Amino acid sequence: MVGCLEVTGSKCILWRTGSMVWPPMATLHSAQVLSVFGDEMFIRGFEEWNGAGVLQEWRCSVMSGSEFHSPASR
């Protein structure tokens, strides 16, 4: 997925590209940054799925402006 990552305390919210229009694409609760290497960050936490918490690990990469706004990234 391509979007904007908002980090607030231990919650990470992935918003649609270039907007913060509700609903967010995904929310990671009790998130912890596992590592940062170059332009990548690995985060682990829980997403809600059918009323249960599911352990997830996200790999987040920094994109250039042209990559971010490219139709191929959607």
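Residues numbered from 1 in each chain as written. Predicted model: local features only at pLDDT ≥ 70, side-chain atom pairs only at ≥ 80, totals over all residues. Heavy atoms only, no water.

Trainee: What exactly am I supposed to notice about the overall build of the protein here?
Mentor: Each helix and strand in the protein was counted, giving one helix and five strands. Beginning at the N terminus, the succession of helices and strands in the protein can be written as β-β-β-β-β-α. When contacts within the protein are restricted to residue pairs at least 6 apart in sequence, long-range pairs at least 24 apart make up 16% of them. Of the roughly 5300 Å² of accessible surface on the protein, 57% is carried by carbon and sulfur atoms. (Helix = DSSP H or I, 4+ residues; strand = E, 2+ residues; numbered from the N terminus. Contact = heavy atoms within 4.5 Å. Areas by Shrake-Rupley, 256 points an atom, 1.4 Å probe, with all protein chains shown as cover.)

Trainee: Mind showing me how you'd approach the pattern of salt bridges here?
Mentor: A side chain of one charge can pair with a side chain of the opposite charge when the charged atoms of the two come close. As enumerated under the stated definition, the model contains two salt bridges in all. A salt bridge links arginine 59 to glutamate 40, with the shortest nitrogen-to-oxygen separation between them at 2.8 Å. Placement of the pair is arginine 59 in strand S5 (residues 52-61) and glutamate 40 in strand S4 (residues 40-49), with a sequence separation of 19 residues. A salt bridge links glutamate 57 to arginine 44; its shortest N-O distance comes to 3.0 Å. With glutamate 57 in strand S5 and arginine 44 in strand S4, this pair connects stretches of sequence that are 13 residues apart. (Salt bridge = Lys/Arg side-chain N within 4 Å of Asp/Glu carboxyl O.)

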